[in-house]
Every structure is written in structure tokens, then in C-alpha cells.
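# Structure assessment
Listed below are the residues making up each chain.
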2 protein chains.
Amino acid sequence: MSKIPADSVGIVVPQDFRVPVGSAGWPLKSGAHLPELVIRYEVYGELSSKRDNVILVCAPLTADAHAAGFHSEQDKSAGWWEPLIGPGKAIDTRIYCVICSNNLAGCRGTTGPLSRNPLTGKPYGSSFPSILIDDMVNAQKALIEGLGIRKLAAVAGGSMGGFMAMKWAIEYPDWVDRCIIIASTTRLSGQALGFETVGRGIITADPAFDSGDYYTDGRPAVGQGPIEGLKHARKLAHITYLSALAMERKLVRFDADKRDPSKFRTGSGVEGYLNYQGDKFVERFDANSYLHITWAMDNFDLEHEYGSLRAAFSNVQCEVLNINLSSDWLFPPHESRKISQELLNNRKVVTSVELDSPYGHDGFLVEDMPEISSIIQRFLEEDHLDIASKQSAKPSLENLRATHEAIHAHEALQIFKDRKDFALVEKVITPGARVLDLGCGDGGLIDALWRSRGIQGVGMEKDLKGILGCLERDVPVLQADLDQGLAQVESDSFDFVILNRTLQEVRQPLELLREILRVGHKAIISFPNFGSYKVRGGLLFNGRMPMSENLPHQWHNTPNIHLFTLDDFKDLCAKDQIKIEALHCLSSSWLGRFLVGAGLPNLGAEQVVAIVGRGQS
Amino acid sequence: MSKIPADSVGIVVPQDFRVPVGSAGWPLKSGAHLPELVIRYEVYGELSSKRDNVILVCAPLTADAHAAGFHSEQDKSAGWWEPLIGPGKAIDTRIYCVICSNNLAGCRGTTGPLSRNPLTGKPYGSSFPSILIDDMVNAQKALIEGLGIRKLAAVAGGSMGGFMAMKWAIEYPDWVDRCIIIASTTRLSGQALGFETVGRGIITADPAFDSGDYYTDGRPAVGQGPIEGLKHARKLAHITYLSALAMERKLVRFDADKRDPSKFRTGSGVEGYLNYQGDKFVERFDANSYLHITWAMDNFDLEHEYGSLRAAFSNVQCEVLNINLSSDWLFPPHESRKISQELLNNRKVVTSVELDSPYGHDGFLVEDMPEISSIIQRFLEEDHLDIASKQSAKPSLENLRATHEAIHAHEALQIFKDRKDFALVEKVITPGARVLDLGCGDGGLIDALWRSRGIQGVGMEKDLKGILGCLERDVPVLQADLDQGLAQVESDSFDFVILNRTLQEVRQPLELLREILRVGHKAIISFPNFGSYKVRGGLLFNGRMPMSENLPHQWHNTPNIHLFTLDDFKDLCAKDQIKIEALHCLSSSWLGRFLVGAGLPNLGAEQVVAIVGRGQS
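Residues numbered from 1 in each chain as written. Chains lettered and ligands numbered in written order. Predicted model: local features only at pLDDT ≥ 70, side-chain atom pairs only at ≥ 80, totals over all residues. Heavy atoms only, no water.

### Here's the deal with the overall build of chain A
- Secondary structure assignment for chain A yields 23 helices and 19 strands.
- Oriented by its inertia axes, the alpha-carbon framework of chain A measures out at about 95 × 65 × 50 Å.
- Considering chain A as a whole, with its 617 residues, one finds that 60% of them fall into the buried category.
- Considering only contacts in chain A between residues 6 or more positions apart, those separated by 24 or more positions represent 71%. (Helix = DSSP H or I, 4+ residues; strand = E, 2+ residues; numbered from the N terminus. Buried < 20%, exposed > 50% of the residue type's maximum accessible area, 1.4 Å probe, protein only. Contact = heavy atoms within 4.5 Å.)

This is the structure in C-alpha cells:
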């Protein structure tokens, strides 16, 4: 065992579960039936006595049940999500029991085209019925039920695994507590569909395909049939899994030994790399499985199936974490984002993360993306597992959550004592209101308002550090730039929108104000007043751009790109039909407070908190 | 003829030119020889008596000699660059004589794999020698020479045609006056190479390929051999020609009639569209030609061939226009840009345009990209053709250029009278200096400085309108954002860098100042002074963000995102080892001028022109 790392789940043994089916067989969504259904799966970690700690991992297109650990001491490569699953890892097997199964129609143990049809004794081949993502999910559910489990602590999947995770959340809302979706979308893009179409065309055009009945009599196995076609399809698909930059790195040009004009081989590094990927793939995957599973993937389209994305997500009850990867052009961020947007517009609890990644779609396999681990760990509330472990030798999920809550509850309300402007916000917010905090940082204000006012809060934040803070506090947050982020939020979604010391930082302040009052009924806007006597005096007497506690940056590196005074703000509101309901002028000096008291707020206020609504003042 | 539009070149007749070859045959770069070389070509417009008005159009991958016009009155589709070539179009056949030939190794008349080898009487098939882009260009040159032409007014090409245009400019610098490159790069990207590799693999794996000797005995023709493989390769390639958005528009989902699970057909719009493209393609293109030409394209790599891109472009003498398309992911803008950068760093005359386009790589075919026409028209100095036409019934290129020059010379120097700050710039600039004008607008200042000081000027500008203005004035310009544009410019490239009223608009003013003094020895910076008495008074007495002639915007929509005073500027220079060599303080009021004269420039100046260099003041 010396070679197996300590943070691995170690040696695992795949297991088979035979789903009890009646004489009619196992029903598929198409109406067809499978005469039998066997599911190969693996388990990592221990099932708790309450059976409440199961995380179901959904395998993407060509992956199998082997998500973590090793099959033997000699096994050179670990499971496909090894970086994420194990003791001390993001999906921590000290607390969670992880289950992963081979997908229906696959070729690694679960019933698929190369399985023997018990009715004929021969491999299914061309007679294997076409399936949908729903069928794959239903097979997983049969396994989960068969294992005596009635609720999943979480379901997680990347890419096509994300399709399955979404289906779980949509179709079996009572069964799922949390849902983790990585690098996935609500359907394939036109481009991705195009590549799939070509890939399948290449396989079925291979003369060795023989309409799918290519298995050597009596010994169906991977590695038979349209090997050449499958290789080309895989090479093609593999290009789409990598970012342009990642492909560029493979480009070692003109290896003269491998250049062969008569065979049109350039000898480029890309060529060699893709050939290697193609050769490796056909050793482990069956062409019929590839055809069936990609076909299921291509037909997944939540908008088409449910009438609209709004309708699709309307029944979701779990908390959702949705991560997209910047350089993923197969499941592109602007499509992935729609999942979060529609969940938000359905008033579901969703956190959306936009990760900067150079790796393309394959980044979801996490090898070089430790950020994914950090995010998932916090989403699964494991960030205080070490403390909980000290209190109990074998902490349960309940122990863990209690520890977590105790730590955060202790600190949360201090914020109203530390920040005058936040104390003002607390007074204004009505109990139970829906609140959007723009530029919410670590979510501290939302957490505190939830504790003191019972609000339903959502944050919007640009920086990953803030997002991680929100995840620690269980504050749902959308990672977005304020200049764009509100566009997809439905009108009248919130009772209050908070914008703290940020209006002067955005590119288009007026457009943002309008957007804020479109999505929210009222807004609480705080800003530094460039008209304060300190600022005016600074410019007048020093002849330099003023710096102060509220304006701490130098002119050339300040994020405050649109400075304005209280009177500028008032003018704008008057002109744009924005109603100022209340103004609170804050100053750190007695002179400032005196000037405010004397009716000269534009001269006295260093910071202003304005409550605004729609319509004329 | 009623159906043929008036702005078409009309009916054209392809011609064949037999290149005279000795007994050794036509030499290829590989050392091999072709026993004969026949080139099919078309001509649009009339050759001038001086034979100085020829524009050679280089055909991309699968296009042929038929770039414009129609082959008969019944002909339904025009040549492949019809939107660009014709009387009154961007490449105006009233003034230019356009020649386009079918590429070597093609299948539309020029010698290629399906031509008969005169030595054997049989089609070449597998015996056709492998070729490079150089060989295609040399074949074009043999044609041009054979037609008695010794100089090209311009060579133009998009995509692989751009490879050929670059080769002309590099290898035959004396032959080319202007070079137009659209949607091209100095080599294929790793991603593009990957797709090519897969495409060729699919074709050669088709059993009908038969090592390339698939022509029906005695009757070689397009439409024979590995038709299925060629179809798939074309479908794959076609996806890469379109942007993701363009593919999305093809996505009409679930045409139930065309859905066929047993054949793994989804019935999606993308599927039908690609099938149509594949079917159409194999009717007009030969698999061997596709293999040979893509192989030549894949092996094109200027950096590898010449040791560096710097070396590759070092002999270029012509004026270059390089256009990239924003949504082109096959020949991506960041790679295309390198052409312009290396030409600039070689001190060549280059204009670089970054066009916003939703169409992807195929945008270079211009159908929906009228901007390409506007740009090329100005680059070819045709913008005053109508005036020249009034002076001479049949204007020559010389007439045209004389008209052009007369119009611009008349207006250019007025700028020094209209703008005090420009007059100051004129005084500072030394004759013959290399000058970079950042945010150069329509290039008026560079044009005027060229006329009065004989400078070698280059502009940098963000907006297309400005770029078009520069092209009208023959001012070379790079379309770029100042926050990024300088990164690729070599140090010490310029004697002077001019930055007019723009420092306050950029995101990182200090970084830009540093970059300016890296690429230029001295800089002339003009900026509005936020410390002027008018501004200070405005803020002090009105309590609002000041607006003035020099600061005309409202606070919330101003592009001036980093306001500063003269003293702020001085402080920054002192701190950052920037030497202020001279300061000119401008004011529109007598009080301002008085204050400046009284030694209070920070109070008096409304606008400042600073001459700065490297090192402590």
C-alpha cells in the first residue's frame, strides 16, 4: 500500500446491483423496456446510521463508476475524480459516503449495448433501445433506492454529469439536499451538437460498424467494431475538451521523424497527441456505447422539454452550486450562467461561480483546478470539519453543521456595531424581505440581516475571495460584474437592493441605478461625497486630487472612476425620476456633523446613505 | 443579361495558361518536379497600358479562380469574392485589373492530383508530389510573368489566401506595392491543426481512398474516391468556419421527421445544415486536392521557416493592410495581430484593423461585412475615384492618386492653426522623426506632421471611424485599446509618442505613461487640468462635479475616469523618474493666462501640454 497516497480512498472494489424488474422489464422513457438492469457502482466512505450522508457522483460521457481510489496496488491511475474525493478532500469521505455508478448504456459493467440480452443470449448490439438522460438518472435512482437510501446529501456532476445532477434536482426534488453542477449547460450549443453529429457520422460510416452488430460471436467486449471511426470521433471530441491555449501548448512543430508527406502527416505535436488520445480511448470504450450516450446527451434540452427554463427549474428545492470555467468553449460560461439565472428568477437558493481557467472544458476534472475543491468544500459546509473532529472522534453531518453554525452565529451581528452605514441599513430593511446585496464581499451583511431580520438574501460579487466567504456563511451569491450582472435578473425580484460604496466604481452609474430600481422596489445606496468640505478644501488649497478616509486611493490607481457629490446625486435622481425617500449623512468630524445639522449636507457629509425608490421625489 | 447586377463584372471566361517548363519540369520547393504546369485563371477589368494596375487575388483553401462575375447568364451563383470585386466595389474594376487563379494542386483546372501526368497518360493520384504554400505562390508568379506583368498594384487574400499574400510580400518584395491580408495568421493554431489532422485522417481511413489512386480509369473527375470521408471532413471543417453564435442560429431543434434514433440522428437543424454542406462540397472538390492543399496549409509557419517572425517580415517593402475578425476562432485575432506587430517592429508600413463580426472566420467572404469593403476601398486610394472620373473619362491609377493627394494636401496643415496644442506639438517634433500618435483619431495630426516635418508617423486608435479617416489620409494605424495596445511594441521604437487629452480616460494611467516612455524616447502629453481655478471654483461654489470646455461631460457618463491636476501630474513624474522637459500651460481666459504668468500654473492652466522623457527632472 506504500504507493497509494494517504488522502486517497485506497483500494476499492466495484460492485454490481441487479435492479429487480418485473416480467415487463425495466421501463425507459421512450416506452421501450430493458429485460434486465444491472448497475456497476463504487462506494467511498461509510454510510451513516441515518443514511443521510450520501453524495451521488454522476459520471460524464466516457467516465465510469471508478471516480476515486485504485483497483489494486498495482493500479497506476486513480479514479477520474480523484482530486476531489477522499479523506480531507473537497468531497470528504470522513464525513460523506460517496456513490458513483457506471452510466446506463455504458460499457463498463452497467447494462449497455455489449451486455448479453437475457432473452436472446446474444449481445444487444443494434437492438439496444435508445435512451435519454432521464433513463440514466432513473437507473441511478433504482440503485440508490436499492441500497436503502431515501435522500441524497448532495448530487454532483460535471459536463454531462451536470445534466444528470440537474435532472435529479428537477425530477426528484424531495430526494436532493444540495446539487453541484460544474461546466454544464441546459443543453448542448449548436457548435457542440455539430461536432457530435460529425463524430457519430464518422463511426457509423466505418464499414466495421455493421449497423452496430459487430461483436465477435459469443465474446462481446470493448475494442471490437468500428475502431478506426471511434478513434477519429474521439480525436475530434478531444479537441473540444481543451481550450485553444491548452491545444497551443501541445503544438510542438515538425518532429521530422514523424513527418510523412505521402501519408499527409505533418509530424506536429498536436497530431501525435491526438493519435495517442484516440488509441487510448478505443481500448476502454465501446462504439455502440459512445453512440447511445452522445445521442442521449444531444437530446437533452431543458427548455424544449419543460417549455421554458423557468418552468424547468420551478420545482427545485435543493441548494444549488453552479460553476463554470472561463475557457470552456464546449459548455460555454454564457450558457452555463443561464442555469443560475433561471434558478434565481425562480427564487431558488443558488450560488454561481465563474472560474478563471486556462484548461477548457476538461478543467472540471479538477487536476489543476484547486479552486473547484475550495468552493465545493465550503458549499458542503466542511470548512470546520477539523474543529468538529476534535469534539467527536467520528463526527456526523449534524455535528459538523452545529459546529459551523456556532462559529458563524457568534460573529455575525458584530457588523452592525462596527459599521454605522450597516446599522442604518438594518433599520431600513423590513423583516423577511428579499434583499440583493451588490458587491456583497464575504456576505457578512446578508448573514447578519438574515439573523436579525430574517431576510432572504442574495449577494453579487466579482472576486473569488468574496465568493468563498459567502460560501462559508451559506450566503447564496452570484459571481458577476455589476456592469453586466443585473441584465438577466427579472424585474421586481427584490424588495431591497443594497449598493455599498460602489456606485462610483462602475463604468455606467446611471444605467446601474436604473437596473437596480428595475429588479428591486427600493435601493439603499451608500457613497463617498466628493462635495464634502474636506474634499473641496483639499483640492482648493492643495491643488491635488483629494485623498481621505473615504477616498483613500491615488488619482491614477483609484477604482473610483466616477466621483460625484451629494448634490450631483440629487440632481441625477430628480432628472431620472428616482425618488429619494431618505438621506443619511455621515461624517467623522464634529465640523462635518455641524454642517449637516446646519442644513449644509453637501458640505458636511463624508459618506451618504440614500434610500431611493421609483418615481418623482 | 437582365439578371446580372450592374455592379458585377458580368460574364467571365476562365482561361488556361501553360507555364513553359524545361525538360526537367517545373521545380517544387521540395526538390521534386512537375512534368508540366497549367494554370486556370480569370481576369476582371482592363490591364492599363503601363501594366501597373493589377491586383492578384489569392484563393483560400477550397475556392477556385472564379472570384467574381458569372460563367453564363444561367449561372445562379457569382464568384466567391463577388461582394468585393466589380465596378464601383472595394476592388474597383474600373481602375484595377484583377487576376485570380486556381491554386496548384486544386481540382478546377490548374495542375493537381486529378490532372493527367503527361509522362504516364494517367491521373497523378498518389504520385502527385507534396507541395507547400511557396509552390502555390511560385505558380501564381509564373502566371503573372507569363502575362507580361512585372509589378502588382496589390496582392490580396483571406485565410489561406492571406498566407499566399504574405509570401508574396516576403519573397518578392519588389513585385508588390500593397498587400491585403484578411482573417489570416502566421501559422495555424494548435486547435486548427488538430481539426486538420482529424479531417485528413477521416479521408485516408475511408476504404474508397485506395491510397489516393481512386480515379475511374481514364476519366479522373471530382466526385470519385472517398466521398464519405471527404463529406465528414468538410462538415467538421465547416463548423470551424462559423462562429459559435452563427452555429447557434442554425440550431433549429427536433425536426421530428428527421429524427431517427436507430441511426443516431437527432433531427437538429445543425445536423441538416452540416449534411447539406458536406453533400454540396463533394460535388465540387476532389479528396486528393483537399489532402494536398490542407497539408501545405498546415506546414505554413513563418516563425519556423525564417527563424523568427521579425526575420520573416524583414524584407517586406509594400504597404500592408491586415484585418482580423473578432469572432474568428480558427484564425484568431490575437494570432492575426502578430502580423501587424512584427511588421511595425520591423518599421514597415502597416495598418491593422480589428473588426467586430458575429460570423466567425467565414466573415472574410464579406457577404455581410460591408466594413471590409469600406476599409479596402480606402486602402486602395479609391475614395476619390468619382472626382477623378469627372476629370478623365478613363482615369488611370496615376490620375486617381493625384486627385487624392491634391484634396488632402489642401486641408492638412489647417490643423496647426485650429489647435494651439497641435501647434505646440509641431514645434517640438524634430524633422524626420518616428512618431506614434496614441488615440490618433482620423490621423489628421500625423498627416500634417508628415507634410510639415517629414515624420514617419504611426497612429493607434480604438474606433473604426478614426481608422477609416487614417486610411483616407494614408496614415498607417493600428486599431487597439491604449490599455493593451503598447504591450507588443518594441522598446525604443519611436522618437516621440503623442498622447492627446487621453491620459485621464485610460484605466491605468501610470502604466500607460511607463509604456509610452518604454517605446518612445520622448512623450508629448496633453491633459485637462483638474486644478484650474474654474474647476476648483465650480466644485467649491456649486458643490457639483465641474463641467467646462475641457471637461464637457456629466459625472456619470464621462470617459474621464482618472481626473488629476497639473500638480498631481508633476508629483507622479517626480516619483516615477519621469523627466519633465517642458510644460506649456494653455488657458482660454485672461485670468487663467494671468495666473500662469504669475507663477500659478496649477490654478491658471485649463489644458497642459507636457514634454517628458526618461530620468529625473
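### What about the interface of chain B and chain A?
- Contacts between the two partners involve 77 residues from chain B, matched on the other side by 76 residues from chain A.
- Between chain B and chain A, roughly 6,900 Å² of surface is buried when both sides are summed, and carbon and sulfur atoms account for 65% of that area.
- Remark: the boundary between chain B and chain A carries four salt bridges.
- Two residues, A:R187 and B:E248, come together in a salt bridge whose shortest N-O distance is 3.1 Å.
- Inspection of the region where chain B meets chain A yields 26 residue pairs in polar contact (both at pLDDT 80 or more).
- The dominant element in the side of chain B that touches chain A, judged by the number of residues it contributes, is helix α3 (residues 190-205) of chain B, at 12 residues. (Buried area = accessible area lost by both parts, 1.4 Å probe. Salt bridge = Lys/Arg side-chain N within 4 Å of Asp/Glu carboxyl O. Polar contact = N/O pair within 3.5 Å; in protein donor to acceptor, adjacent residues only side chain to side chain.)

### Things to note about the pairing of strand β9 (residues 154-158) of chain B
All names here are of chain B.
- Counting buried positions over the five residues of β9 gives five, a clear majority of the element.
- Both faces of β9 are covered, namely the face carrying A154, A156 and G158 and the face carrying V155 and G157.
- Pairing of strand β5 (residues 54-58) with β9 involves four bridges; the strand directions are parallel. Directly across from L56, in β9, lies its bridge partner V155.
- As paired elements, β9 and strand β10 (residues 178-182) share four bridges and run parallel to each other. When the bridges of β10 are listed, V155 appears paired with C179.
- Read as a crossover between parallel neighbours, the route from β9 over helix α2 (residues 160-171) to β10 is right-handed. (Pairing = 2+ DSSP bridges. Right-handed = clockwise from strand over helix to strand, strands pointing away.)

### Thoughts on the side chain of B:H408
Residues and elements named next belong to chain B.
- Relative to the assigned elements, H408 resides in helix α13 (residues 397-412).
- A relative accessible area of 7% places H408 in the buried class.
- A polar contact of 3.0 Å, which involves the side chain of H408, links it to the backbone oxygen of E472.
- Apart from the residues lying within four places of it in its own chain, the contact partners of H408 are D383, H384, R451, E472 and R473.

### Brief notes about the domain arrangement of chain A
- When cut into domains, chain A gives domain 1 (188-299) and domain 2 (400-614).
- Between the C-alpha centres of domain 1 of chain A and domain 2 of chain A there is a distance of 53 Å. (Domains from an automatic or database assignment.)

### Some details on the relation of the copies chain B and chain A
- In the superposition of chain B on chain A (RMSD 0.0 Å, axial shift 0.0 Å), the rotation amounts to 180°. With respect to symmetry, the two chain copies, as superposed, fit the operation of a two-fold axis. Judged by C-alpha distance, B:I561 is the residue of chain B that lies nearest the rotation axis, at 2.2 Å.
- Looking at the interface residues of chain B, 99% of them are also at the interface in chain A, so both copies use one shared face. (Least-squares fit on C-alpha atoms with pLDDT ≥ 70 in both.)

### A closer look at the side chain of A:S243
- Examined against the element boundaries, A:S243 turns out to sit in the loop between α4 (227-241) and α5 (244-250).
- Only 2.5 Å separates the side chain of A:S243 from the backbone oxygen of A:P358, close enough to count as a polar contact.
- Once you skip the residues sitting within four places of it in the chain, A:S243 turns out to touch A:S327, A:W329, A:P358, A:Y359, A:G360 and B:Q191.

### Notes on the packing of helix α1 (residues 133-146) of chain A against helix α2 (residues 160-171) of chain A
Residue and element names in this part refer to chain A.
- Between α1 and α2, the shortest axis-to-axis distance is 9 Å and the interhelical angle comes to 65°. By the angle between their directions, the pair α1 and α2 is classed as roughly perpendicular. For the crossing formed where α1 meets α2, the hand is right-handed. Contacts from I133, D134, M136, V137, Q140, K141 and I144 of α1 reach α2 at M160, F163, M164, K167 and W168.
- For the contact of α1 with α2, the class distribution of residues is eight nonpolar, one polar and three charged. (Axes fitted to C-alpha atoms, helices over the stretch in contact; angles between N-to-C directions. Parallel < 35°, antiparallel > 145°, perpendicular 65-115°, else oblique. Left-handed = near helix turned anticlockwise from the far one by under 90°. Nonpolar A, V, L, I, M, F, W, Y, C, P; charged D, E, K, R; others polar.)

### What about helix α13 (residues 397-412) of chain A?
Residues and elements named next belong to chain A.
- Relative to the 22 Å expected for 16 residues at 1.5 Å per residue, α13 spans 22 Å between its end C-alpha atoms, a close match to the ideal helical length.
- Within α13 the residues assigned to the buried category are L397, L400, T403, H404, H408 and A412. For α13, the buried positions fall inside an angular range of 155° around the axis, keeping them on one side.
- Taken together, the buried residues of α13 touch α12 (385-391), α14 (414-418), α16 (444-453) and α17 (464-472). (Expected span 1.5 Å × (residues − 1). Arc of directions from axis to C-beta.)

### Focus: a positive patch on the surface
- Side chains of A:K462, A:R507, B:K462 and B:R507 sit close together on the surface and give a patch of like positive charge.
- Considering the arrangement of structural elements, one finds A:K462 in the loop between β14 (456-461) and α17. (Patch = residues over 30% accessible without salt bridge, like charges linked within 9 Å, V, L, I, M, F, W, Y side chains within 5 Å. Areas by Shrake-Rupley, 256 points an atom, 1.4 Å probe, with all protein chains shown as cover. Lys, Arg positive; Asp, Glu negative; His and termini not counted. Charge placed at Lys NZ, Arg CZ, Asp CG, Glu CD.)

### A word on the environment of B:S184
Residue and element names in this part refer to chain B.
- If you trace the backbone, S184 turns up in the loop between β10 and α3.
- Judged by relative accessible area, which is 0%, S184 ranks as buried.
- The sequence separation of S184 and N324 amounts to 140 residues, and the corresponding C-alpha distance is 7.2 Å.
- Those residues in contact with S184 that lie beyond four places of it in its chain are S159, G162, F163, M166, F331, S336 and I339.
- A polar contact is formed between the side chain of S184 and the backbone oxygen of S159, at a distance of 2.9 Å.

### Some thoughts on the packing of aromatic side chains
All names here are of chain B.
- The final tally for this structure, using the stated rule, is 32 aromatic pairs over all chains.
- Between the aromatic rings of Y214 and Y215, the centroid separation amounts to 4.5 Å while the plane-to-plane angle is 50°, which identifies the pairing as tilted.
- The class for Y214 is buried, based on a relative accessible area of 9%.
- Taking 5.8 Å as the distance between ring centres and 75° as the angle between the ring planes, the aromatic pair formed by F281 and Y290 counts as edge-to-face.
- Exposure remark for Y290: the relative accessible area of 3% places this residue in the buried category.
- Positioned over the ring face of F281 is R234, at 4.2 Å from the centre of the ring. (Phe/Tyr/Trp six-rings, centres within 6.5 Å; stacked < 30°, edge-to-face > 60°. Lys NZ or Arg CZ within 6 Å of the ring centre and 35° of its normal.)

### What to know about a nonpolar patch on the surface
- A cluster of nonpolar side chains, namely A:W590, A:L591 and A:F594, defines an oily patch on the protein surface of about 370 Å² accessible area.
- Residue placement: A:L591 occurs in helix α22 (residues 590-597).

### Describing the environment of B:R234
Residues and elements named next belong to chain B.
- Here R234 is to be found in helix α4 (residues 227-241).
- Separated by 173 residues in the primary sequence, R234 and L61 have C-alpha atoms spaced 12 Å apart.
- In this view, R234 contacts T62, Y241, Q277, G278, F281 and R284; residues no more than four positions away in its chain are not counted.

### What to know about the pattern of salt bridges
- Per the stated rule, a full pass over the model turns up 72 salt bridges over all chains.
- A salt bridge links A:R518 to A:E515; the shortest N-O distance between them is 2.9 Å. Of this pair, A:R518 and A:E515 both sit in helix α19 (residues 509-519), three residues apart, which is roughly one turn of the helix.
- The partner of B:D492 in a salt bridge is B:R614, and the shortest N-O contact between them spans 2.9 Å. Note that B:D492 is positioned in the loop between α18 (482-485) and β16 (494-500) and B:R614 in strand β19 (residues 607-614), a separation of 122 residues in sequence.

### Focus on the state of the cysteines
Residues and elements named next belong to chain A.
- Enumeration according to the criterion identifies zero disulfides over all chains in this entry.
- The thiol sulfur of C470 is not disulfide-bonded, and the nearest other cysteine sulfur, from C440, lies at 3.7 Å.
- Sulfur of C573: no disulfide; nearest cysteine sulfur belongs to C585 and is 13 Å away. (Disulfide = S-S within 2.5 Å.)

### Describing the environment of B:W81
Residue and element names in this part refer to chain B.
- By the element assignment, W81 lies in the loop between β5 and β6 (85-86).
- C-alpha separation for the pair W81 and I55, spaced 26 residues apart in sequence, amounts to 13 Å.
- Excluding its chain neighbours within four sequence positions, the residues that come into contact with W81 are V57, A67, A156, G157, G158, I182, F364, L365 and V366.

### Remarks on unusual backbone geometry
Residue and element names in this part refer to chain B.
- Backbone geometry places R51, a non-glycine residue, at a positive phi of 55°.
- Following the sequence through the fold, R51 ends up in the loop between β4 (37-44) and β5.
- The exposure class of R51 is partly exposed, given its relative accessible area of 38%.
- Look at R501: it is not a glycine, yet its phi comes out positive at around 50°.
- If you trace the backbone, R501 turns up in the loop between β16 and α19 (509-519).
- Note on R501: relative accessible area 34%, which makes it partly exposed.

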